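Remarks on the overall topology
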Amino acid sequence: MLKKLINLRIKNMIRRNYDRIFDFIFLIPFLRKPFPRDPFSKTPLGDRSRYLDIYYDSLNIDDTDIKNFEKKSGFSIDLNWLNDLALHTQVCIKQSRVNFQHGRILYSKLSRYLNDLNNNSEQIIILETGTARGFSSICMAKAIIDSNYKGIISTIDCLPHNKKIYWNCIDDCSGKKTRGELLSKWKKELSMIIFIQGWTNISLDLIGVDRINFAFLDAQHTKNNVLNEFFFVSKHQLKGDIVVFDDVTQGLFDGVCEAVKYIEENLSYDIEYLNFSKDRRYAIA
C-alpha cells in the first residue's frame, strides 16, 4: 500500500512538473534526439550519368491527371524550370521511382489560393515540415513571386542547412555542399525561405506566427506526428486557408492516411484526395 502511494505521488509530481522537465531536457543537448550526421551517405552514391538516367526516366510519367488538376485551377508551373530544379533536388538513388510532380500540385494550388485571396498587399505565411533538399519550398516561393505577393516560408527538417554534406543528388559529383549552396541558383526564391533544423514536435512551438495561410506537411509519417503538426497549423488558419499532405498512400504510409481520415471525419476541413499515382498520393484540406 505504501509503495503504491509513493508511486502515485511520484507520477503526480511528474505531471505537475512536466513543462519544467521538458525544458530541462531541451536545454541539455546530449539528452535530446540527435540530428543525423550523414543522413544520405558518407560518399557519393553514383556518378553523373546514373543520376541523369534516373532523371530522364522520371520525365516519362503519365501526367494526365496532373494536367487536368492544373487546368481546373487555372495555374501551371513552367516545366523547364521545374525539371531543372528537380534534377538537383529530387532526382536521387532509391528503390522506388522518382516522382516530383507534387511540385506542380503545390504551385498550382497555392497560385489558385493567392488569386482567390486577391489582396497582394497581404504578406503570405507558409509552413512546411520535411524540407529535405528544399524542392517544395522553392516551388511554393515561385508561386508567391509569380503571383506578385510577398511572403515568408518557414520550413523544418532534421537535416542541416549550413553544413556541407552529400545529398544523394547529382551535385554530389562535385563534392559536399550545404543546402544553401545546392539551391544557390534560385536566389530570389531562396531569399523568402527560413530554414529551421529541428524535430517538429519541438520546433513548431518556437515559431511565432499569427496566421499560416498555406502549409505542406511531409515530415514524420506517424498518425500522431501528422495530427500534431496539423493541430498547430489549424490554430493559425482562417476559413479558406489550406493544408496539403504528402504521401497519403495506403499500405505505404498508413499513419498519414489515418491522420487525414480523422481530420475528414472530425474537424471542420473539407478533404480533396489526389490519387495521381499508386505510389504517391496527396490530400488537400
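All of the points below concern the structure found in this document. (Residues numbered from 1 in each chain as written. Predicted model: local features only at pLDDT ≥ 70, side-chain atom pairs only at ≥ 80, totals over all residues. Heavy atoms only, no water.)

Note on placement: N225 falls in helix α11 (residues 223–234). Exposure remark for N225: the relative accessible area of 16% places this residue in the buried category. (Helix = DSSP H or I, 4+ residues; strand = E, 2+ residues; numbered from the N terminus. Buried < 20%, exposed > 50% of the residue type's maximum accessible area, 1.4 Å probe, protein only.)

Along the chain, G103 falls in helix α6 (residues 102–117). Judged by its relative accessible area of 0%, G103 falls in the buried class. For the pair formed by G103 and L82, sequence separation is 21 residues and the distance between their alpha carbons is 7.5 Å. Sequence-distant contacts of G103, defined by excluding residues within four places in its chain, comprise L82, F135 and C139. (Contact = heavy atoms within 4.5 Å.)

Okay, the packing of helix α5 (residues 79–89) against helix α7 (residues 135–146) next. Relative to each other, α5 and α7 sit at 155°, their axes nearing to 10 Å. As judged from the angle between their axes, α5 and α7 are roughly antiparallel. Regarding α5 and α7, the two cross each other, and that crossing is right-handed. In contact with W81, L82, L85, A86 and T89 of α5, α7 contributes F135, I138, C139 and K142. Residue classes in the contact of α5 with α7 are distributed as seven nonpolar, one polar and one charged. (Axes fitted to C-alpha atoms, helices over the stretch in contact; angles between N-to-C directions. Parallel < 35°, antiparallel > 145°, perpendicular 65-115°, else oblique. Left-handed = near helix turned anticlockwise from the far one by under 90°. Nonpolar A, V, L, I, M, F, W, Y, C, P; charged D, E, K, R; others polar.)

In this section: the packing of aromatic side chains. When we look at a pair of aromatic rings, we describe it by the centre distance and by the angle of the planes. In this structure the tally under the stated criterion is nine aromatic pairs. Judged by centre distance (6.0 Å) and plane angle (45°), the ring pair of F40 and W167 falls under tilted. Here W167 lies in the loop between β2 (150–157) and α8 (179–182) and F40 lies in the loop between α2 (18–27) and α3 (48–59), a separation of 127 residues in the sequence. Accessibility expressed as a relative area gives 28% for F40, which makes it partly exposed. Ring geometry for F69 and F276: centres 6.0 Å apart, planes at 70°, overall edge-to-face. With F69 in helix α4 (residues 64–73) and F276 in the loop between β6 (272–274) and β7 (282–284), this residue pair connects regions lying 207 residues apart in the sequence. (Phe/Tyr/Trp six-rings, centres within 6.5 Å; stacked < 30°, edge-to-face > 60°.)

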